[in-house]
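Each chain, letter by letter, is given below.
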Amino acid sequence: MTRKERYEAVIGWFEEHMPVAETELHYTTPFELLVAVILSAQCTDKRVNMITPRLFRQYPTAEIMARAEVDDIFELVRSVSYPRAKAGYLVAMAQRLVADYQGEVPEEREELMKLPGVGRKTANVIASVIYNRPTMAVDTHVFRVSNRIGLTTNSKTPLETELTLIKYIPEHLIPKAHHWLILHGRYVCTARKPQCATCGLAPYCRYFAALERKKLNSKE
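The name an unreviewed UniProt entry gives the chain is Endonuclease III, with Porphyromonas somerae as the organism. Word for word, the UniProt comment on the chain under Sequence similarities (unreviewed entry) is "Belongs to the Nth/MutY family." UniProt, in its Catalytic activity (unreviewed entry) section for the chain, records the words "2'-deoxyribonucleotide-(2'-deoxyribose 5'-phosphate)-2'-deoxyribonucleotide-DNA = a 3'-end 2'-deoxyribonucleotide-(2,3-dehydro-2,3-deoxyribose 5'-phosphate)-DNA + a 5'-end 5'-phospho-2'-deoxyribonucleoside-DNA + H(+)".

Asker: Would you mind going over a nonpolar patch on the surface with me for this structure?
Answerer: Taken together, the side chains of L159, L163 and I166 define a hydrophobic patch exposed on the protein surface, amounting to about 230 Å² of accessible area. Examined against the element boundaries, L159 turns out to sit in helix α10 (residues 158-168).

Asker: Mind showing me how you'd approach the UniProt feature "domain: Helix-hairpin-helix DNA-binding motif class" (unreviewed entry) in the chain here?
Answerer: Here the UniProt-annotated "domain: Helix-hairpin-helix DNA-binding motif class" (unreviewed entry) positions come out as residues 110-129. Its end C-alpha atoms 16 Å apart, residues 110-129 is made of 65% helix and 0% strand.

Asker: Explain the packing of helix α3 (residues 45-58) against helix α5 (residues 70-77) to me, please; I cannot follow it from the model alone.
Answerer: The packing of two helices is summarised by the inter-axis angle and the distance between the axes. At a minimum axis separation of 9 Å, α3 and α5 run at an interaxial angle of 150 degrees. As far as their axial angle goes, α5 and α3 are roughly antiparallel. Between α3 and α5, the residues in contact are I51, R54, L55 and Q58 and I73, L76 and V77, respectively. Of the residues belonging to the contact of α3 with α5, the class tally is five nonpolar, one polar and one charged.

Asker: What should I look at first to understand helix α9 (residues 140-149) in this one?
Answerer: An α-helical segment advances 3.6 residues per turn. Residues three or four places apart therefore align on the same side. The element α9 is extensively covered by neighbouring structure, given that eight of its 10 residues are classed as buried. Inspection of α9 places H141, V142, R144, V145, S146, N147, R148 and I149 among the buried residues, and these make up the whole buried set. One side-chain oxygen of the residue at the start of α9 lies 3.0 Å from the amide nitrogen of H141, identifying that residue as D139.

Asker: Help me understand the nonpolar core, please; the structure alone is not making it clear to me.
Answerer: Of all hydrophobic cores here, the largest spans 40 residues; its most connected members are L55 and I73. Mapped onto this core, the elements with two or more residues apiece are α2 (30-40), α3, α4 (62-66), α5, α6 (83-101) and α8 (120-129). Not counting chain neighbours up to four residues away, the residues in contact with L55 comprise V35, L39, M65, I73, L76, V77 and L90. Core analysis: the next-biggest nonpolar cluster, separate from the first, contains 26 residues, I11, W13, A21 and V145 among them.

Asker: How do you make sense of the confidence of the model for the chain when you look at a structure like this?
Answerer: Low-pLDDT portions of the prediction should not be read for the details of their coordinates. Within the chain, residue pLDDT values average 95, and 99% of them lie at 70 or more. Highest mean pLDDT in the chain belongs to α4 (98); lowest belongs to helix α12 (residues 206-219) (83).

Asker: Explain the packing of aromatic side chains here, please?
Answerer: In total, this model carries three aromatic pairs according to the counting rule given. The interplanar angle of 25 degrees and the centroid separation of 5.0 Å between the aromatic rings of Y7 and Y168 together place this pair among those described as stacked. Highlighted residues: Y7 in helix α1 (residues 3-17) and Y168 in helix α10, separated in sequence by 161 residues. Exposure remark for Y168: the relative accessible area of 31% places this residue in the partly exposed category. Between F14 and W180 the ring centres are 5.2 Å apart and the planes differ by 10 degrees, which places this aromatic pair in the stacked class.

Thresholds, definitions, all that
Residues numbered from 1 in each chain as written. Predicted model: local features only at pLDDT ≥ 70, side-chain atom pairs only at ≥ 80, totals over all residues. Heavy atoms only, no water. UniProt positions renumbered as here; feature names shortened; annotations may be inferred. Patch = residues over 30% accessible without salt bridge, like charges linked within 9 Å, V, L, I, M, F, W, Y side chains within 5 Å. Areas by Shrake-Rupley, 256 points an atom, 1.4 Å probe, with all protein chains shown as cover. Salt bridge = Lys/Arg side-chain N within 4 Å of Asp/Glu carboxyl O. Helix = DSSP H or I, 4+ residues; strand = E, 2+ residues; numbered from the N terminus. Axes fitted to C-alpha atoms, helices over the stretch in contact; angles between N-to-C directions. Parallel < 35°, antiparallel > 145°, perpendicular 65-115°, else oblique. Contact = heavy atoms within 4.5 Å. Nonpolar A, V, L, I, M, F, W, Y, C, P; charged D, E, K, R; others polar. Buried < 20%, exposed > 50% of the residue type's maximum accessible area, 1.4 Å probe, protein only. Polar contact = N/O pair within 3.5 Å; in protein donor to acceptor, adjacent residues only side chain to side chain. Core = buried A, V, L, I, M, F, W, Y, C linked by side-chain atoms within 4.5 Å. pLDDT = per-residue confidence, 0-100. Phe/Tyr/Trp six-rings, centres within 6.5 Å; stacked < 30°, edge-to-face > 60°.

Written out as C-alpha cells, the structure is:
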C-alpha cells in the first residue's frame, strides 16, 4: 500500500465512521478555549473540564483575568499538572491579550504564539478549532497514531509529523482530521494496549500488518 492509498483509505474510514469530530474540552468563547488548552498541557481533558466551570465563572474574560492575582488562579487550577506555572501563564496571557489585542484572541498562529504559555501546538488548536484554519496540532495521541498507522514514517518530532500530515490531508479536512487522530488515539489506538482486534483502521494500518506477519512467522 502506498502512502497516498493509505491516506485515502484512512480518511475515507473516518469520514464514514466519525463524521462529527470535535474537541472534548468544554468552552463557550475563544478565550475560554484558549484557557482550557493551556491548562490541558500534560493533563487530561476530563480533569480540565472539572475545574474550568468555576474558573470561567470568576474570570470569564481576558480583561477580568488580567487583573487577577496568580495565587487566586492557582487555587482554582491546583489539581491540574504544573498548576503554579499555568496560573502564571494564564494571568500573563490575559494581560497580553488586553494590552496588544483588545482582549480578543488573535486568529494567526504567529500572533497566538506571542502569548505567554502558548506554543505551536496550542496555537494550532486555537487556529483550527476557533477559526477553522488548516493547522494540525500534534499531541502525543496524534504523534503515536500517525506513526503506528503509517501516515508518517518514523517521525522523530511533532513538527515532522505536523508537516507530513498537512502535506497529505486535504486542506479542508485538516481541522477535523486533528480530532479524528486524537479521539482514535484516546479510545482505540491507546498507548499500552491498542485495540487492534476491533479497530476499523486495521486493514490500512502498518502496525497491525506487522503484528499479523509476526503471528504468521511464529507458526512456521
